[in-house]
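A structural walkthrough
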Protein chains: 2
Amino acid sequence: MSVIEARTSDIAELGQQLRVDAVRASARAGSGHPTSSMSAADLMAGLLTGHLHYDFDHPHLPGNDRLVFSKGHASPLLYAMLHAAGAIDEERLLTYRRLGSELEGHPTPRLPWVDVATGSLGQGLPIGVGMALGARLSGSPARVWVLCGDGEIAEGSMWEAFAAAADFGLGNLCAIVDVNRLGQTGPTRYEWDTAAYAAQIGGFGWHTVEIDGHDPVAIDKAYAEAARQDVPTAILAKTRKGKGVAAAEDREGLHGKPLAESEKAVVELGGVRESLVRVSPPRSREPRRTQPSQPMAYPSFSVGSSAATRDGFGAAIEALGEANPDVVVVDGEVADSTRTAAFKKAFPNRFFECYIAEQQMIAAAVGLQSQGWIPYASTFAAFLTRAHDFLRMAAIGGADLRVVGSHAGVSIGADGPSQMGLEDLAMFRALWRSVVLYPCDANQAAHLTATMADLPGISYLRTTRAATPVIYRGDELFPVGGSRTLVGSAHDRAVIVAAGITVSESLGAAERLADEGIPVRVIDAYSIKPLDAATIRQAAADTGRVLTVEDHWPVGGLGDAVLDAVAGQVPDVRFHKLAVRGMPGSAGPAEQMAAAGIDSAAIVRATQRLVA
Amino acid sequence: MSVIEARTSDIAELGQQLRVDAVRASARAGSGHPTSSMSAADLMAGLLTGHLHYDFDHPHLPGNDRLVFSKGHASPLLYAMLHAAGAIDEERLLTYRRLGSELEGHPTPRLPWVDVATGSLGQGLPIGVGMALGARLSGSPARVWVLCGDGEIAEGSMWEAFAAAADFGLGNLCAIVDVNRLGQTGPTRYEWDTAAYAAQIGGFGWHTVEIDGHDPVAIDKAYAEAARQDVPTAILAKTRKGKGVAAAEDREGLHGKPLAESEKAVVELGGVRESLVRVSPPRSREPRRTQPSQPMAYPSFSVGSSAATRDGFGAAIEALGEANPDVVVVDGEVADSTRTAAFKKAFPNRFFECYIAEQQMIAAAVGLQSQGWIPYASTFAAFLTRAHDFLRMAAIGGADLRVVGSHAGVSIGADGPSQMGLEDLAMFRALWRSVVLYPCDANQAAHLTATMADLPGISYLRTTRAATPVIYRGDELFPVGGSRTLVGSAHDRAVIVAAGITVSESLGAAERLADEGIPVRVIDAYSIKPLDAATIRQAAADTGRVLTVEDHWPVGGLGDAVLDAVAGQVPDVRFHKLAVRGMPGSAGPAEQMAAAGIDSAAIVRATQRLVA
C-alpha cells in the first residue's frame, strides 16, 4: 500500500484508483452510476489531496470541511474516496447497494461521513448554502465543497442557491461542477459550454473558474483560487463521462449502468490500486462555539382575549431565541405575516432572509441543522408545497427540522385560494416520521413552538391568520401525542374532533347543541400526528358518533387521521367528516368558513344529522 | 367618456386611470394590493395602447395575445385594465374580493380573460413559456406578455423559465419586470439595480431592456423592441411602488393594504376617469390549426407475459400521439425511464424536453393546455413533489393536466429512497378534483393512459419500474371510478384491496390462502380516486375483514382511500393496512417488497391474523 500526500503529481493516479473502485463497486452491485463517477474522479482526487480538511475518524468535528455530493448518483465515487481515505475497507466498499449496507445507491447520513441525503438533484448546493451559513455562524474555519452535476444546473433550486450564496457572501462555499456533457437521456442543454455556465453563475455574483476537469494542475490551482475568495466560487470543470475507459467515455446510453466489461475496464484503468490518502487535518479542532441555553420565558395571552396562533408562535420564537442561542430562523420574505419579524429584529445574526425561495429556505434549514443549529423555517403553509421535495429528502436524511406554515385554510379570507394552505396537513402527515401540530389558541401555539425545539425529525406547526379565542392558560402543557377534551359528559351523543380554528367553532356548536338537548364531547386534537388515538377511540366507543371538522381539503388531514385511528378499532361507529370541498374564491373569513361548511352552524347541522 | 387609441401620449393618462381604479377597488374591498398595482400601471397602460393584440369579446381566440399576471397580487391593476378595455363595468370592478365575485384577490380563469391562476409567485413566467410554445406550435402569431414582480425573481422556477425560454427560442415571449424595489417585508435583494437583473437574465440568453417604468416613450419603445427579437425579451422597468400618491410612494409597510385615505389618493391621482381604450385587434382570427383525431390503435401485451406498466404507458402515449394530433408530451430529462422516448422520436415537434426542471415541466403543461393542447407530463413520481405548488395552482386554475409518475414505490430496488415515489398518492389525492389511477399491468396502463386524454382537471397515472404479470387482455376497458374483482366467492373471509404492483402479490397470496382453506377476495382498485366505493363496501360487508396493501407510505394512499369509503358505512368491519413503514435503503426489488412487508408472504401473514 502506498500513501498519497498532498501532491498534484498524485492526483491522476488517485483519480484512476477512484475510477477503478467505482467501477468495481457498481459491477459487484449490478447497478449504479460508474460513468458519472468517472467524470468527476480527478476533481475529487484533487480535493482529497490537500484541499479537503477533514478528520475521517471524527466526522462530526465542527472544524471539518464539509463535502456534499449534490450529484448523489455518483455515490460510488464518494465511497471510493472513503476507501482511499481509509474510512472503509474494501469489503465494505463492495457492499454498495446491497440489502442492509449503509453504502446506498444515493448517499444518506446512515454513513457517518455523509451529513445530508442527496439523490434528488439540485438539492446539495442549496443545502451547502445552509452549511456554509452554519459554519460561519459557529465561527468555524471549515469550507463547504459541493460536487454538482451539470444536468442538475437546470433545477431552479440551484439558482436560488447561487443567488442566496452570493447575497450571504459565502466565501467558504465552493461548487465543483462536473460538466460531463451528458445527462440521463442525452446531451445536457449547454453540453461542454462552460463559458455559458460561467456567464450565468458569474452574473449572480460568484467567482467562476473554467478548467479541464482532468488536468491535475488546473484542478489543484482552482481549489486554491477558490479558497482565496470572499465570494462563493464555482469551478466549471469540463470532463468526460466514463473517462478512462474507451468503450464508455463520452458515450450516450450508459447512464446509471455498470460497465459492460468491468474487469477489462479495470485493466484499462491500470488495475486495482490500494493507495491510502493522507487527508489534511481540519483547520480547527475546537468544539462548536455555543452558549448554554436558559429557561424560556413563555409569552402569555389572557384567557378570554383573542389572538392569532401565528402571534403565539411569533412571541414564542422570540422568547426561545432569547433562551436558546442555538435557535435560528429562516423565512421566505414574509416575516411580517408569519410573525418571525420580532425574532429577526432581536437576533439579526440568527435570522436568514431567504427571500421568495422556499426550496432554498428549507435547504438552508437542513444545512444549518447539520451544523448543530436548531432551525425554524416559516412561510405561508400554501407555499411550503414549493419545498415538498426538499422536505421529502430531509426526512430521508433524518434532518431535525421545525417548519411553521401560517395562513392555513380558508379562514385567511379575501386573498383567495392561492394563498390558502389546504393540503399542508396531507403533505406533512405523509412525510416519514413527521410530527404535525395544529394549535387552536396563542398559548398552545407558544408551548408547541417551544416543544418542537427538542423534537427529532421533521415537525410542523400549522398557524392561523385570524385571531381565535384564547382558551388555555399560559402555563398549560401540551405534550406531543396528546389532546384536550374541552367539553364532555357521560351522556355525550357524539364527539366532535377539531383542531386549530375549528376548535372554537366546535365549542360554539356544542353550546347550541346542548341547548337543544344534544350533549356532545369536543376534543382539541392539537397533535394531529401522532394523534391521541386512545382518547379519540374511547370517545368514539362512548358516543358511537364521530364528527371531524377541519379547515383543509377532505383528503389527508385531521379527518383521515381520526379514521385511521378509529376505523375497525371501535365497533359500530358512525363517522362524518367536515372539510373544505368546494374551491373557495375571495370572501371574508367568516363567509369562507360558512361557505366551506366548517363553521359553528355547519357543525350543528352535521351533528344533528349524525345523531338522528 | 374619452377613447384612448394607440398613442404614447395617452399612456400616462391611462396609467393614472388604472391607478385610480386599483385604489378604488381595493378601498371598497378593504383589502388588496393597490401599491403593487400602481408601480406597474404605466407599464400596463403602455401594453394596452398599441402592443397587446386582443379581442376582449372573444377571449379564447387562438390569435389573441396572452397576458399573464405572474405577480398575481396586482390583480386590481388587471381588473382596472379590463375596465379600461370595456370588458367589465364599474359596478363589477367594485365587486373585487367580494363573496361570489369573479374578481378574486388573485386572478383565476373564473374570469374569461384570465387563462391560468396565479398568486403563488414565480409561476406566471414558466406558464408563459408553455403558452408561447403552444402558440408557436399552433402557428399562431400571438405574443405572450408576462407581468412579473421583482420579488418573485428569487424563485428558482423563474430561472427554470429563463433557461427554457431561451433554449426554446421563444421570441414571442416577453417578461415585463416591475422593479419596484420593495417586497412584502422590505427591500428586495437587488432593489433598483436593474443592471443586476439584466446581467443575470441576459446571461441566460434573453434580450434585456432597462427602462424607467414610468416613462411612456421608453415603455412604448421597449415593447416595440421586444416584438422585433427572435429570442425572449425581459423589460426591466424601474418603478416606484405606490407611484402617484406621495403618502404611499416607495414606502415600506404598505404591501397588501388599501391606501389609508383612498379618496384623497384618488384626488391626488387626478380623480376618476372613464376613458375607454381601443385595444388593437388580434393579429389573426384564424381558428386553431389542428387535424381531426383518429381512432387509437391500442398496444397489446400478451396475457401471461410480463411487462412494466411504464411500458404500457409508453406504448400508449405513442399510439395516442399518432391518433390525436393535439397530444403533446413534456418530460424532465428522463424519457428513457418514463418511456416517453418513443413518443419523442415519433413526434419530435410535440415533445418538449424540460431537462431536470420539474416546475417548468408542469408549468409548460399548464401553458400548453391553455392553448388547446392535451399535455402529458412525465417524470419519476418522487420528483413530482418538486412541482407540488404548480399542481396546486393548476387545480385552482382548473387546468386539464395529465401527469405520469414512474418509479413508484420501493419496488424500484437498489436506487434507494431518494428515487422512490412514496408520497405521490397522498399528494395527488389531496389535489382538488383530481383523478388518481394506478394500473397493475401494461394493458391496463395503456387504456388508462388513453382515458386520461378526455378527463377534465388533473389526472395522475402511477407507473412501476419493474415488470408485472399481464393479467388483462388488450381490449378490456377500465372506467374511471371502477375496480376489478379478480378473485372471489360467496365464502370469502376477507377482502384484499390492492393496486399496481401489489395486485400480483395479492393474487399470489390469495392462492396460498385458498390452499390453507382461507378463501379471500382480491380487488384491483386501479382507480384510487374516485374509488369504487360501492364494490369495496359490498366486499367489506360480505367478508367483515378488509386488508389494504400498497407500495406507498401508510398515510394518504390506497389504504386511507379505502378507510374513507368504508369506515362508518359498513358495520362491524376489521381493517388492516399494509404499507411501507420503515425507511428503505438499497436492495433488490423483491428484497425491498419483503422488507416493507407488502409482498405475497406478508399479505398471507396479515390475512391470517385478520381472519383469526
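Residues numbered from 1 in each chain as written. Chains lettered and ligands numbered in written order. Predicted model: local features only at pLDDT ≥ 70, side-chain atom pairs only at ≥ 80, totals over all residues. Heavy atoms only, no water.

An unreviewed UniProt entry annotates chain A as Transketolase of Glycomyces algeriensis. The Sequence similarities (unreviewed entry) field of the UniProt record for chain A holds the comment "Belongs to the transketolase family." The UniProt entry for chain A carries the following text under Subunit (unreviewed entry): "Homodimer." (UniProt positions renumbered as here; feature names shortened; annotations may be inferred.)

With respect to the UniProt feature "domain: Transketolase-like pyrimidine-binding" (unreviewed entry) in chain A
This chain's UniProt record puts "domain: Transketolase-like pyrimidine-binding" (unreviewed entry) on residues 307–470 of chain A. Overall, residues 307–470 of chain A shows 40% helix and 21% strand. The separation of its end C-alpha atoms is 7 Å. (Helix = DSSP H or I, 4+ residues; strand = E, 2+ residues; numbered from the N terminus.)

A closer look at the sheet that holds strand E14 (residues 458–462) of chain B
Residue and element names in this part refer to chain B. Strand order in this open sheet of seven strands is E10-E9-E11-E12-E14-E13-E19, and the pairing throughout is mixed. A single partner strand is all that each edge strand has here, and the edge strands are strand E10 (351–353) and strand E19 (527–529). Ignoring which end each strand starts from, the neighbouring axes of this sheet average 20° apart. One ladder, built from five bridges, connects strand E12 (residues 401–406) with E14; its direction is parallel. Within the sheet, the bridge partner assigned to Gly405 lies in E14 and is Arg462. Its contacts with the sheet place helix H16 (residues 442–452) against strand E11 (374–380), E12, strand E13 (435–437) and E14, and it is angled at close to 165° to E14. (Pairing = 2+ DSSP bridges. Axes fitted to C-alpha atoms, helices over the stretch in contact; angles between N-to-C directions. Contact = heavy atoms within 4.5 Å.)

Remarks on the nonpolar core
Ranked by internal contacts, the top residues of the largest apolar core, which has 300 residues, are Ile362 and Tyr376 of chain A together with Ile362 and Tyr376 of chain B. Ile362 of chain A has contacts with Ala377, Leu384, Ala387, Phe390, Leu391, Leu401 and Val403 of chain A, leaving out every residue within four places of it along the chain. (Core = buried A, V, L, I, M, F, W, Y, C linked by side-chain atoms within 4.5 Å. Buried < 20%, exposed > 50% of the residue type's maximum accessible area, 1.4 Å probe, protein only.)

Some details on the environment of Glu210 of chain B
Residues and elements named next belong to chain B. Take Glu210: it is sitting in strand E5 (residues 207–212). The partly exposed category is assigned to Glu210, whose relative accessible area is 43%. With 214 residues separating them in the primary sequence, Glu210 and Asp424 have C-alpha atoms 43 Å apart. With residues up to four places along the chain from it excluded, the contact list for Glu210 reads Thr194, Ala195, Ala198 and Leu236.

What about the side chain of Thr607 of chain B?
Turning to its location among the elements, Thr607 of chain B is positioned in helix H21 (residues 600–611). Other than its neighbours up to four places away in sequence, Thr607 of chain B contacts Ala494, Ile496, Leu513, Val520 and Leu547 of chain B.

Brief notes about the interface of chain A and chain B
Tallying the contact residues gives 92 residues for chain A and 94 residues for chain B. Taken together, the links from chain A to chain B amount to 10 salt bridges. Across the salt bridge formed by Asp415 of chain B and Arg97 of chain A, the nearest N and O atoms sit 2.6 Å from each other. The interface formed by chain A and chain B contains 49 residue pairs in polar contact (both at pLDDT 80 or more). Looking at the side of chain A that touches chain B, the elements with two or more residues in it are helix H6 (156–168), helix H7 (194–203), helix H11 (335–338), helix H13 (358–370), helix H14 (388–396), helix H15 (424–430), helix H19 (558–566) and strand E21 (574–578) of chain A. (Salt bridge = Lys/Arg side-chain N within 4 Å of Asp/Glu carboxyl O. Polar contact = N/O pair within 3.5 Å; in protein donor to acceptor, adjacent residues only side chain to side chain.)

Thoughts on the relation of the copies chain A and chain B
Once turned by 180° and shifted 0.0 Å along the axis, chain A lies on chain B with an RMSD of 0.0 Å. As the rotation angle and translation indicate, the two copies are arranged about a two-fold axis. Distance from the rotation axis, computed per C-alpha, reaches its smallest value in chain A at Gly156 of chain A: 1.8 Å. When the interface residues of chain A are mapped onto chain B, 100% of them are again interface residues, pointing to one common binding face. (Least-squares fit on C-alpha atoms with pLDDT ≥ 70 in both.)

Regarding the domain arrangement of chain A
Residue and element names in this part refer to chain A. Domain boundaries in chain A define domain 1 (3–277), domain 2 (306–469) and domain 3 (484–611). Look at where the C-alpha atoms of domain 2 and domain 3 centre, and you get two points 25 Å apart. Each partner contributes to the interface: domain 2 provides 34 residues, whereas domain 3 provides 33 residues. Contact between domain 2 and domain 3 buries roughly 2400 Å² in total, counting both sides, with carbon and sulfur atoms accounting for 61%. In this assembly, domain 2 and domain 3 are joined by 22 residue pairs in polar contact (both at pLDDT 80 or more). Going through the elements one at a time, H15, strand E13 (435–437), helix H16 (442–452) and strand E15 (467–469) are the ones with two or more residues in the side of domain 2 that touches domain 3. Sorting elements by how many residues they give to the side of domain 2 that touches domain 3 places H15 first, with four residues. Among the residues making up the side of domain 2 that touches domain 3, the classes are represented as 19 nonpolar, nine polar and six charged. (Domains from an automatic or database assignment. Buried area = accessible area lost by both parts, 1.4 Å probe. Nonpolar A, V, L, I, M, F, W, Y, C, P; charged D, E, K, R; others polar.)

Details of helix H18 (residues 533–543) of chain B
Residue and element names in this part refer to chain B. Turning to H18, its buried residues are Ala533, Ile536, Ala539, Ala540 and Thr543. The arc that holds the buried residues of H18, viewed along the axis, is 130°, so those residues lie on one side. For H18, the elements touching its buried residues are strand E17 (494–498), strand E18 (520–524), strand E20 (545–549) and helix H19 (558–566). Directly beyond the C-terminal end of H18, a positive phi value near 75° is found at Gly544. (Arc of directions from axis to C-beta.)

Quick look at H16 of chain B
In terms of burial, H16 of chain B is a largely internal element, 10 of the 11 residues being buried. With a side-chain oxygen positioned 3.1 Å from the backbone nitrogen of Asn443 of chain B, the residue opening H16 of chain B is Asp441 of chain B.

Brief notes about the sheet that holds strand E4 (residues 173–179) of chain A
Residues and elements named next belong to chain A. Across the sheet, which stays open at both edges, the five strands sit in the order E2-E3-E4-E6-E5 with parallel pairing between neighbours. Strand pairing shows two members of the sheet lacking a second neighbour, strand E2 (66–69) and strand E5 (207–212), which therefore form its edges. Across this sheet, the average inter-strand angle for adjacent strands is 20°, counted without regard to direction. Summarising the sheet, strand E3 (residues 144–149) and E4 pair through six bridges and their orientation is parallel. Bridged to Cys148 within E4 is Val177. Packed onto the sheet, helix H5 (residues 124–137) meets E2, E3 and E4 and runs at close to 175° relative to E3.

Quick notes on the pattern of salt bridges
This model, assessed by the stated rule, comprises 60 salt bridges over all chains. Linking Arg283 of chain A and Asp65 of chain A is a salt bridge whose minimum nitrogen-to-oxygen distance equals 2.6 Å. With a gap of 218 residues between them, Arg283 of chain A in the loop between strand E7 (276–277) and strand E8 (306–308) and Asp65 of chain A in the loop between helix H2 (34–51) and E2 connect regions that are remote in the sequence. We classify Arg283 of chain A as partly exposed; its relative accessible area is 35%. Asp311 of chain B is paired through a salt bridge with Arg339 of chain B; the nearest N and O atoms lie 2.5 Å apart. Here Arg339 of chain B lies in the loop between helix H11 (335–338) and helix H12 (341–346) and Asp311 of chain B lies in helix H10 (residues 309–323), a separation of 28 residues in the sequence. Salt bridges sharing partners connect three or more residues here, namely Glu155, Asp389 and Arg392 of chain A together with Arg386 of chain B.

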